[in-house]
Amino acid sequence: MVAEQKIENTISNIVLTRPFYSNVDSNEEYKTPNIIIRIFSLFKNIRPGSDITSFKMPPIFSLPKSHLQCYAESVCAMNQDVLGNCSEGKSPLERMIRVVAWSISTARPLLYGATPFNPVLGETHHVSRGTLNVLLEQVSHHPPVSALHATDESNKVELVWCQHYALKLRGTYIEAANYSKRRLYLWEKGESYVMNFPNLIIKMFPIPGCEYAGDVKIKCEESGLEAVISYKTNSLLSFGGNNRAIKGKIIESFSSKVLYEVSGHWDRTVTIKDTNNGKVKVIYDATEVVSGLRAPTLKNAEELSQTESAVIWAGVSRGILAKEWDKAGEAKKRIEEKERELVKRRNSSGETWVAKHFNVSYSEENGWDSSPKEKYVPPAPIVYTT
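Residues numbered from 1 in each chain as written. Predicted model: local features only at pLDDT ≥ 70, side-chain atom pairs only at ≥ 80, totals over all residues. Heavy atoms only, no water.

**Some remarks on the overall build of the chain**
Summing up its helical and strand segments, the chain has eight helices and 20 strands in all. Expressed as a percentage of its 386 residues, the buried residues of the chain come to 51%. For the chain, the accessible surface area stands at approximately 18500 Å², while carbon and sulfur atoms represent 51% of it. (Helix = DSSP H or I, 4+ residues; strand = E, 2+ residues; numbered from the N terminus. Buried < 20%, exposed > 50% of the residue type's maximum accessible area, 1.4 Å probe, protein only. Areas by Shrake-Rupley, 256 points an atom, 1.4 Å probe, with all protein chains shown as cover.)

**Description of the environment of Arg18**
Take Arg18: it is sitting in the loop between α1 (2-13) and α2 (35-43). C-alpha separation for the pair Arg18 and Pro296, spaced 278 residues apart in sequence, amounts to 6.8 Å.

**Here's the deal with the packing of aromatic side chains**
Applying the stated criterion across every chain, the model contains six aromatic pairs. Residues Phe117 and Trp313 carry aromatic rings whose centres are separated by 4.4 Å and whose planes lie at 20° to one another, so their mutual orientation is stacked. Of this pair, Phe117 sits in strand β2 (residues 115-117) while Trp313 sits in the loop between α6 (309-312) and α7 (314-321); the two residues are 196 residues apart in sequence, bridging distant segments of the chain. Comparing Phe117 with Trp313 shows no difference in burial state: the two are buried. Taking 5.5 Å as the distance between ring centres and 75° as the angle between the ring planes, the aromatic pair formed by Phe197 and Tyr212 counts as edge-to-face. (Phe/Tyr/Trp six-rings, centres within 6.5 Å; stacked < 30°, edge-to-face > 60°.)

**Focus: the pattern of salt bridges**
Taken as a whole and assessed by the stated rule, the structure comprises eleven salt bridges. Between Glu324 and Lys327 there is a salt bridge, and its shortest N-O distance comes to 3.7 Å. The partner of Lys332 in a salt bridge is Glu336, with the nearest N and O atoms 2.6 Å apart. Here Lys332 pairs with Glu336, and both are found in helix α8 (residues 325-349), just four residues apart, close to one helical turn. Pair check on accessibility: Lys332 and Glu336 agree, each one buried. Several salt bridges share partner residues, and in doing so they unite Arg244, Asp267 and Arg268 into one network. (Salt bridge = Lys/Arg side-chain N within 4 Å of Asp/Glu carboxyl O.)

**A few points about the packing of α7 against α8**
Orientation of α7 relative to α8, taken along the N-to-C sense of each, is 165°, at an axis distance of 8 Å. Taken together, the axis directions place α7 and α8 in an arrangement best described as roughly antiparallel. Crossing of α7 over α8 shows left-handed handedness. Residues Gly315, Val316, Gly319 and Ile320 of α7 pack against Trp325, Ala328, Ala331, Lys332 and Ile335 of α8. Class assignment for the residues of the contact of α7 with α8 results in six nonpolar, two polar and one charged. (Axes fitted to C-alpha atoms, helices over the stretch in contact; angles between N-to-C directions. Parallel < 35°, antiparallel > 145°, perpendicular 65-115°, else oblique. Left-handed = near helix turned anticlockwise from the far one by under 90°. Contact = heavy atoms within 4.5 Å. Nonpolar A, V, L, I, M, F, W, Y, C, P; charged D, E, K, R; others polar.)

**What to know about the environment of Val354**
Relative to the helices and strands, Val354 is located in the loop between α8 and β18 (358-363). Since its relative accessible area comes to 57%, Val354 is described here as exposed. Residues Val354 and Gly122, 232 residues apart in the sequence, show an inter-C-alpha distance of 8.6 Å.

**Overview of the confidence of the model for the chain**
Across the chain, pLDDT averages 89, with 86% of residues at or above 70. Contacts of residues 1-9 to residues separated by more than four positions or lying in other chains number three contacts, the stretch itself having pLDDT below 50. (pLDDT = per-residue confidence, 0-100.)

**Here's the deal with the pairing of strand β6 (residues 157-169)**
Within β6, twelve of the 13 residues are buried, which leaves it mostly tucked inside the rest of the structure. For strand β5 (residues 145-152) and β6, the ladder comprises eight bridges, and the chain directions are antiparallel. Bridging across to β6, Leu148 finds its partner in Trp161. Joining the antiparallel neighbours β5 and β6 is a turn of four residues, in which Lys156 adopts a positive phi near 55°. Two successive antiparallel strands, β6 and strand β7 (residues 173-178), enclose a turn made up of three residues, where Gly171 displays a positive phi of approximately 80°. (Pairing = 2+ DSSP bridges.)

**Digging into unusual backbone geometry**
Residue Pro143 is bonded to the preceding His142 through a cis peptide linkage, with omega at 0°. Mapped onto the elements, Pro143 comes out in the loop between β4 (132-140) and β5. One non-glycine residue with positive phi stands out, namely Ser256, at about 60°. Tracing the backbone shows Ser256 in the loop between β13 (245-252) and β14 (258-265). Judged by its relative accessible area of 53%, Ser256 is exposed. Its identity as a non-glycine residue notwithstanding, Lys323 has a phi of 60°, on the positive side. In this structure, Lys323 sits in the loop between α7 and α8.

Dropping the structure here:
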């Protein structure tokens, strides 16, 4: 009876929302408060050039979800199985094209003026979509480092990545330098693809907005193919015609021969052009992939972990959605105080925290990295419908 009551309370307490993206769907469920007021409140507390990675954002700046949930959305929340389709390519070149499309699909048009919660140490998020099972864990809090492992036994696909970023205030914009390491394995094809992710630019003046910038390199050692995709951004004054544009190429590593030219906009459509015959085809359409997405659902409350993001941040998320900022702030404060107390206990006892699901490493030369402790990710209690 007590166990049943606990499950009922869990179901009623957790908050699961659909992805919130700009210029895709109307966001009636959640809208950011007045931008100008929040921007000026930031300048009272931070200085240009300062490291704001550990800056405590008040709930009025927050999305009603954790970074771990947002990372999972970029893998699970889509109308097409872009990841599973990577293994369906009949040739190494066709598979590389599909991997390029999948990589682009993980760049989502973020809402301006709201950021996900910085996960607490040991926080997890476990979610499934069809036969794809995804597990994330926060393996470091300062600096923030997240590890992800996803397996799809049906499509013979595995994804491993370690996500680490650092925020810097650059005058009129904030730069989120991304040190992501992503590895995609196509088991049946015996291929592995290593790639990074672009930096995020959050512009405050003169036109507020979020854009990705920088080069993404994708390399497959087994096939000898690689791709370079450049995410373009407008000038710092927001003038110019490069809004969310990308440009790149797919090449043969050993000969440096360009096989395909890549162009388009990552939040709209992306095409490739065959350099041999000039034929052009669409490889990614953001509208088809990320529009009309629904919230995940809780399928099995008994398997829900107490370290699950949706459980930890439930009170804060409810307060944000209801615009009850004081209640959201109190709930956030309780989480932060509990985290500080756990750190204090570990320090006083000499205990070293160890990640539950990942092996974690760090070196000055290679930065942060992670590898999963288990070969497969089991089905999750939280699911996206296909």
